[in-house]
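Descriptive structure summary
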Amino acid sequence: MEQLVNVYLYGKRYAVPSGLTIMEAMEYAGYQLVRGCGCRNGFCGACATLYRIAGDRELKACLACSTKVEDQMYVATLPFFPLVKAVYDVEKIKPSEQIMMQLYPEIYACVGCNACTKVCPQGLNVMQYIAYAQRGEYEKCAEESFDCVMCGICSSRCPAGISHPQVAMLARRLNGKYLAPHCDHLDERIREIAEGKYERLLQELMDKPAEQMQELYDHRDIEK
């Protein structure tokens, strides 16, 4: 019989199998997840979670879908964090240092505490990409933040109120629109999509049962 561990969900103790993820443990305990459960594979960032192990004062951050439960784990999920999202038209802005000052001035109030980096469940150097954004180095900011899943945990721990994921998104948009080399093969792919080249393939995928789709997803090639 699989070993059971004690996990505290919403203040109530549950005994769950030790091999479960936090998300699986919540469902095992009887909770029906209708929010904060997107891709279930560590990519969408919807299941941002904070937890603490009894006897350890450190507050840790993770994604519930890809973190295994531990004995005496106290869990608090973050189904939504109110990030500041500036409104802009990427066609009308330019990759200048002034545009970051205009749209996200709070980044210049960063105190260098590095709390954002310490809690990032993806292991990103969040404070570093904010420093790149401050200096208008959008190519570097885009590269450093590329794997951000926009879970918002970094912002929840920031004393300066910085919306790190949104800053990173702006940098990536500026980089893609104005700074990155033009990709001829991307133009070709867009043309092929517009001509309907992939409609049959998409329909074949839509017709597959969920089990086959899961198998394809789990064994897909991920570009490095």
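Shown above is the structure to which this text applies.
What comes next concerns the included structure. Residue positions are given per chain, counting from 1 as you read along its sequence in written order. A pLDDT threshold of at least 70 governs which residues receive local features in this predicted model, and a stricter bar of 80 or more applies before side-chain atom pairs are shown or counted, although totals over entire chains, interfaces and linings include all residues. Side-chain figures throughout are based on the complete set of non-hydrogen atoms in the structure, without hydrogens or water.

Turning our attention to helix α4 (residues 126-134). Where α4 is concerned, the buried positions are Val126, Tyr129, Ile130, Ala131, Tyr132 and Ala133. For this analysis, residues touch if any pair of their heavy atoms sits within 4.5 Å. Note on conventions: DSSP H or I runs of at least 4 residues are helices, E runs of at least 2 residues are strands, and numbering of each starts at the N terminus. Contact partners of the buried residues in α4: α2 (97-103), α3 (115-119), α5 (138-144), α6 (153-156) and α7 (164-179). Gly136 sits one or two positions beyond α4 and adopts a positive phi of about 75 degrees. Accessible area is worked out with a 1.4 Å probe on protein chains only. A residue is then buried under 20% of its type maximum, exposed over 50%, and partly exposed in between.

Okay, the packing of aromatic side chains next. Note on ring pairs: Phe, Tyr and Trp rings are taken, using the six-membered ring of Trp, and paired if centres are within 6.5 Å. Classes follow the plane angle, with under 30 degrees stacked, over 60 edge-to-face and the rest tilted. Under the definition given, this model contains three aromatic pairs. A centroid spacing of 4.1 Å and a plane angle of 0 degrees characterise the contact between Tyr8 and Tyr74, whose relative ring orientation is stacked. Taken together, the residues Tyr8 in strand β1 (residues 4-9) and Tyr74 in strand β5 (residues 73-77) connect sequence positions 66 residues apart. Residue classification places Tyr8 among the buried positions, given a relative accessible area of 15%. Judged by relative accessible area, Tyr74 falls into the partly exposed class, the value being 39%. Seen from their ring centres, Tyr14 and Tyr31 are 5.8 Å apart, and the 75 degrees between their planes marks the pair as edge-to-face. Residue Tyr14 is found in strand β2 (residues 12-17), and its partner Tyr31 is found in the loop between α1 (22-28) and β3 (48-53); the two are separated by 17 residues along the sequence. Members of the aromatic cluster, connected to one another through ring pairs, are Tyr10, Tyr14 and Tyr31. Any Lys NZ or Arg CZ found within 6 Å of a ring centre and within 35 degrees of that ring's normal is scored as a charge over the ring. The ring of Tyr217 has Arg220 sitting right over it, with the charged end atom 3.9 Å from the ring centre.

Let's shift gears to the environment of Ala109. Within the fold, Ala109 resides in the loop between α2 and α3. Residue classification places Ala109 among the partly exposed positions, given a relative accessible area of 42%. Along the backbone, Ala109 and Gly161 are 52 residues apart, and their C-alpha atoms lie at a distance of 8.6 Å.

Here the nonpolar core consists of buried residues drawn from Ala, Val, Leu, Ile, Met, Phe, Trp, Tyr and Cys, with membership extended through side-chain atoms lying within 4.5 Å. Among the nonpolar cores identified, the biggest contains 29 residues, and Val7, Val16, Ile22, Met23, Val69, Val75 and Ile153 are the most heavily contacted of them. Looking at this core, the elements with two or more residues in it are β1, β2, α1, β3, β4 (60-63) and β5. Setting aside residues no more than four positions away along its own chain, Val75 makes contact with Val7, Tyr8, Leu9, Tyr10, Ile22, Thr49, Leu50 and Tyr51. The next biggest cluster of nonpolar side chains, apart from the first, holds 26 residues, and it includes Ala86, Ile107, Cys116 and Ala168.

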